[in-house]
Protein chains: 2
Amino acid sequence: MKELKEAILKYGVGIGDSIVKVDSFLNHRIDVELSTLMGRDIAAHFTGKQIDIVLTVESSGIAVAMTTAQALGNIPVVFARKSTSLNVGPDVYTAQVYSFTRQVLNTIRVSKAYLPAGSRVLVVDDFLANGAAIEGMRDILTQAGCELAGAAVCVEKGFQAGGSRLRASGIDLYSLAIVDGIDNGKILLRED
Amino acid sequence: MKELKEAILKYGVGIGDSIVKVDSFLNHRIDVELSTLMGRDIAAHFTGKQIDIVLTVESSGIAVAMTTAQALGNIPVVFARKSTSLNVGPDVYTAQVYSFTRQVLNTIRVSKAYLPAGSRVLVVDDFLANGAAIEGMRDILTQAGCELAGAAVCVEKGFQAGGSRLRASGIDLYSLAIVDGIDNGKILLRED
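Residues numbered from 1 in each chain as written. Chains lettered and ligands numbered in written order. Predicted model: local features only at pLDDT ≥ 70, side-chain atom pairs only at ≥ 80, totals over all residues. Heavy atoms only, no water.

Considering the side chain of A:Arg109
Residues and elements named next belong to chain A.
(1) Moving on: Relative to the elements of secondary structure, Arg109 occurs in strand E7 (residues 104-111).
(2) Moving on: Salt bridges are absent for the buried Arg109, whose nearest opposite-charge side chain, Glu58, sits at 7.7 Å.
(3) Moving on: One polar contact links the side chain of Arg109 to the main-chain carbonyl oxygen of Thr107, over a distance of 3.3 Å. (Helix = DSSP H or I, 4+ residues; strand = E, 2+ residues; numbered from the N terminus. Buried < 20%, exposed > 50% of the residue type's maximum accessible area, 1.4 Å probe, protein only. Lys, Arg positive; Asp, Glu negative; His and termini not counted. Salt bridge = Lys/Arg side-chain N within 4 Å of Asp/Glu carboxyl O. Polar contact = N/O pair within 3.5 Å; in protein donor to acceptor, adjacent residues only side chain to side chain.)

Structural notes on the sheet that holds strand E10 (residues 173-183) of chain B
(1) Moving on: Strand order in the open sheet made by the seven strands is E3(A)-E5(B)-E4(B)-E8(B)-E9(B)-E10(B)-E11(B), with mixed pairing throughout. Among the strands making up the open sheet, the edge pair consists of strand E3 (29-30) of chain A together with strand E11 (186-189) of chain B.
(2) Moving on: Judged from the four bridges that link them, E10(B) and E11(B) form a sheet pairing that is antiparallel. From the neighbouring strand, B:Ile182 faces E11(B), where its bridge partner is B:Ile187.
(3) Moving on: Along the sheet, helix H4 (residues 132-144) of chain B contacts strand E4 (53-57), strand E8 (120-128), strand E9 (147-157) and E10 of chain B; its crossing angle with E8(B), the most-contacted strand, is approximately 165°. (Pairing = 2+ DSSP bridges. Contact = heavy atoms within 4.5 Å. Axes fitted to C-alpha atoms, helices over the stretch in contact; angles between N-to-C directions.)

Comments concerning the packing of helix H3 (residues 62-71) of chain A against helix H2 (residues 32-45) of chain B
(1) Moving on: Here H3(A) crosses H2(B) at 105°, and the two axes come no closer than 10 Å. As judged from the angle between their axes, H3(A) and H2(B) are roughly perpendicular. Across the interface between the two elements, A:Met66, A:Ala69 and A:Gln70 from H3(A) touch B:Val32, B:Ser35 and B:Thr36 from H2(B).
(2) Moving on: Looking at the contact of H3(A) with H2(B), its residues break down into three nonpolar, three polar and no charged. (Parallel < 35°, antiparallel > 145°, perpendicular 65-115°, else oblique. Nonpolar A, V, L, I, M, F, W, Y, C, P; charged D, E, K, R; others polar.)

Some remarks on H4(B)
Residue and element names in this part refer to chain B.
(1) Moving on: An ideal rise of 1.5 Å per residue puts 18 Å on 13 residues; H4 measures up with 18 Å between its terminal C-alpha atoms.
(2) Moving on: Residues of H4 that are buried: Ala132, Ala133, Ile134, Gly136, Met137, Ile140, Leu141 and Ala144.
(3) Moving on: Trailing H4 by a residue or two, Gly145 shows a phi angle of about 70°, which is positive. (Expected span 1.5 Å × (residues − 1).)

A closer look at the packing of aromatic side chains
Any pair of aromatic rings gets described here by the distance separating the centres and the angle formed by the planes.
Residues and elements named next belong to chain B.
(1) Moving on: Here the structure, examined in full by the defined rule, presents four aromatic pairs over all chains.
(2) Moving on: Ring plane angle 55° and centroid distance 6.3 Å describe the contact between Tyr11 and Phe25, whose orientation is recorded as tilted. Of this pair, Tyr11 sits in helix H1 (residues 2-11) while Phe25 sits in the loop between strand E2 (19-21) and strand E3 (29-30), and the two are 14 residues apart along the sequence.
(3) Moving on: You can call Phe25 buried: its relative accessible area is 4%. (Phe/Tyr/Trp six-rings, centres within 6.5 Å; stacked < 30°, edge-to-face > 60°.)

Written as structure tokens, this is what we have:
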């Protein structure tokens, strides 16, 4: 997606050989106009898929999940929790997810009530690296008897294995920008 | 705000004498249309205040921060982090916040780069109970040399001390719904 790629090239910072720092517009400070455009772009890609629910995982996925759900006609967003909370009851689906950016193993949780069996669910996240978050959400959707209609991420790290593995498993995965590597701090984006 | 109050009365669940469970539309599953309306309502309340940034804290505040920022003309959202992450650098403002719902003490962090001195900031959150989250964000804004233009929350627990204390300290605090108590599971809302 053109606007996201421009923002990555203008404001993104490559650190070492694997960290893509885009917290100035994507996952700490949020460029709301860009987020709204990304939501529209994702919704357009999945036109005709009859999505019922957008599923993401806290926290960085919530913004683009919201704008995607708005563009899909104000369908509900459900965000998986990483920690126990009084806001989430005991009747939950869970999955184990290793976070690349935080370097911790999280249990993600979704209340069973909010994933009715038979729902067609679009999974959305800000980043895709090793694919663990999306695989965790897929695991939860399988438990719930929901259909994974597709997955969308803002930034895919094309030099890590997640994207290839998810596509090989048959998921309709849509990445708005794919980073192929970092060269002396410069982020290298894949051409369309 | 009428639509939120109707949703609380229809879908909210009162537990014990203090838990207001609204995770079916506010902070686990999100009613995106209602969230969009809440954002517009908050933006209308602060018309003329020349807000530059919407500040919230992960995770439950992000949705309504996004819709508020959209309604304020696509101004940026910044969300404070509760945990360390590779996505947030070392150059941060921090504050200590006790979470009533999670019953833990969190350090919240905002990168200094995203709160330029002199900015007029609207603080937004889903819930207000003891007021610790908003006080923590106010603390960070003071460190940053920003102006707290106001605060908005979806649900204020009027039977806890936070709202009164924040108003007494001079904050322009706007609550879309105020819960005055729970009576045998029934949520009691304050009349306008």
